[in-house]
Amino acid sequence: MGIVMGPNQYGKAECRLVTVNRDTERHSIKDLNVSTSLRGDFDETHLTGDNSSVLPTDTQKNTVYAKAKEAPVGEIEDFALRLGRHFVDTQEPVRGARVLIDEYAWERIPVGGAGHDHAFSRANDEKRTTAVTIDGSRAHVVSGLKDMVVLKSTGSEFWGYPKDQYTTLAETEDRILATAVTARWRYLSTDVDWAKSFEAIRSTMLEAFATTHSYALQQSLYEMGRAVLEQQPRVAEIRMSLPNKHNFRYDLERFGLDNNNEVFIAADRPYGLIEGTVTRDDVEAAPAAWYSLPEF
Ligand SMILES: O=c1[nH]c(=O)c2[nH]c(=O)[nH]c2[nH]1
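Treat the numbers as computed from the prediction; the structure is a model and nothing was measured. (Residues numbered from 1 in each chain as written. Predicted model: local features only at pLDDT ≥ 70, side-chain atom pairs only at ≥ 80, totals over all residues. Heavy atoms only, no water.)

A word on the site of the ligand
Around the ligand, the structure places Phe158, Leu169, Arg175, Ala216, Leu217, Gln218 and Asn244. Leucine 217 is positioned such that a nitrogen or oxygen atom in its backbone is 2.7 Å from an oxygen atom of the ligand. At 3.3 Å, a side-chain N or O of asparagine 244 approaches a nitrogen atom of the ligand. For the ligand, the accessible surface in isolation is 290 Å², of which the surrounding protein chains cover 71%. Of the residues assigned to the shell around the ligand, the class counts are 4 nonpolar, 2 polar and 1 charged. (Near = heavy atom within 4 Å. Polar contact = N/O pair within 3.5 Å; in protein donor to acceptor, adjacent residues only side chain to side chain. Areas by Shrake-Rupley, 256 points an atom, 1.4 Å probe, with all protein chains shown as cover. Nonpolar A, V, L, I, M, F, W, Y, C, P; charged D, E, K, R; others polar.)

Written out as structure tokens, the structure is:
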């Protein structure tokens, strides 16, 4: 029996990068959080401290900023592919790379009815994301969004569940359904119009959430995923993590007041957490690592 070094990767996490395109007086900005990780033969640094194969994480950070100047950042998927391929193509010990990018949304501040040339406001908490994995000459793209907060004030029921000695939840045929959607979808190729695809998938998910008469958040999850796969032939599967943002009808009967689903108390925790993958049955399952889950 021996002890060996198992799978590993290393890089710089959360490089905050802001770019301003100043080609015209109407500036545009990009606000990103970029993380890079390199994979390859790094046994020696772990086993003996020999760093001859270890491109410093500080250099990885500098590369993020330098590449943002060498060519416009563009769509986050393209920038992540460019960065990942750079490390794999220029450093012999590096066989693979993982680049994660979150993009924060900014809008032009309306002034006199039009968006200002160089003043912006942060739209909301929602982020557009990508996780690009370079494996030798192959590239895998998993894009998504985080914290897309949505709510339906009716059209949601929850009943018919098993009851045991600890069950107190009342069955309901009308409740608020609210969640903050985190979704990741895996593309089957890199030949994609990333911006157009993102907008289409986001709208499809919103529309499916709105129009599904929901008997469970689980059902809404499936319907949102199914709609995306039906409309996007280049998407193999979509994973979602949906916190059930509970809004409980407030007990006003105590004060002699009716409450016809009009007054709720919003609870921030604990919350139900509904997670699932909607997939095509004819594509191979992807390694968890492509989704930037903690395993690598
Ligand atoms: O949509 C729901 N799914 C559940 O699994 C669940 N569990 C619960 O208490 N409320 C809800 N709502």
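Remarks on the side chain of histidine 27
In this structure, histidine 27 sits in the loop between strand E1 (15-21) and strand E2 (28-40). Classification of histidine 27 by relative accessible area gives buried; the value is 15%. (Helix = DSSP H or I, 4+ residues; strand = E, 2+ residues; numbered from the N terminus. Buried < 20%, exposed > 50% of the residue type's maximum accessible area, 1.4 Å probe, protein only.)

Looking at the pattern of salt bridges
As enumerated under the stated definition, the model contains 18 salt bridges in all. Aspartate 117 is the partner of arginine 26 in a salt bridge, and the nearest nitrogen-oxygen pair spans 2.9 Å. With arginine 26 in the loop between E1 and E2 and aspartate 117 in strand E4 (residues 114-135), the pair connects residues that are 91 residues apart, well separated along the chain. Across the pair aspartate 251 and arginine 254 runs a salt bridge, and its minimum N-O distance is 3.4 Å. Since its relative accessible area comes to 52%, arginine 254 is described here as exposed. (Salt bridge = Lys/Arg side-chain N within 4 Å of Asp/Glu carboxyl O.)

Comments concerning the domain arrangement of the protein
Parsing the protein into structural domains produces domain 1 (1-136) and domain 2 (145-296). Here domain 1 and domain 2 have C-alpha centroids that lie 29 Å from each other. Each side of the interface is counted separately: domain 1 has 18 residues, and domain 2 has 13 residues. Buried area between domain 1 and domain 2, summed over both chains or domains, comes out near 1,500 Å², and the portion from carbon and sulfur atoms is 55%. Area buried by domain 1 at its contact with domain 2 is led by Glu126, Lys127 and Arg128, which between them contribute 33% of it. In this assembly, domain 1 and domain 2 are joined by 3 salt bridges. Salt-bridge contacts for aspartate 102 lead to lysine 146; the nearest nitrogen and oxygen are separated by 2.7 Å. Counting the contacts that link domain 1 with domain 2 gives 5 residue pairs in polar contact (both at pLDDT 80 or more). At the level of elements, helix H3 (76-90), strand E3 (94-111) and E4 are the ones that each hand at least two residues to the side of domain 1 that touches domain 2. Residues of the side of domain 1 that touches domain 2, tallied by class, amount to 4 nonpolar, 4 polar and 10 charged. (Domains from an automatic or database assignment. Contact = heavy atoms within 4.5 Å. Buried area = accessible area lost by both parts, 1.4 Å probe.)

What to know about a nonpolar patch on the surface
On the surface, Phe248, Tyr250, Phe255, Leu257, Val263 and Ile265 cluster together into a nonpolar patch covering about 540 Å² of accessible area. The exposure class of leucine 257 is partly exposed, given its relative accessible area of 45%. (Patch = residues over 30% accessible without salt bridge, like charges linked within 9 Å, V, L, I, M, F, W, Y side chains within 5 Å.)

Section: the UniProt feature "active site" (unreviewed entry) in the protein
The sites that carry the UniProt feature "active site" (unreviewed entry) are, in the present numbering, Lys12, Thr57 and His246. A stretch of 235 residues holds the annotated residues, and the largest C-alpha distance among them is 41.5 Å, long enough that they do not meet in one place. Among the secondary structure elements, threonine 57 is positioned in helix H2 (residues 57-70). We classify threonine 57 as partly exposed; its relative accessible area is 24%. Apart from the residues within four sequence positions on either side, threonine 57 is in contact with Tyr10, Gly11 and Lys12. When neighbours within four sequence positions are excluded, histidine 246 is seen to be in contact with Ile265, Ala266, Ala267, Pro270, Tyr271 and Gly272. (UniProt positions renumbered as here; feature names shortened; annotations may be inferred.)

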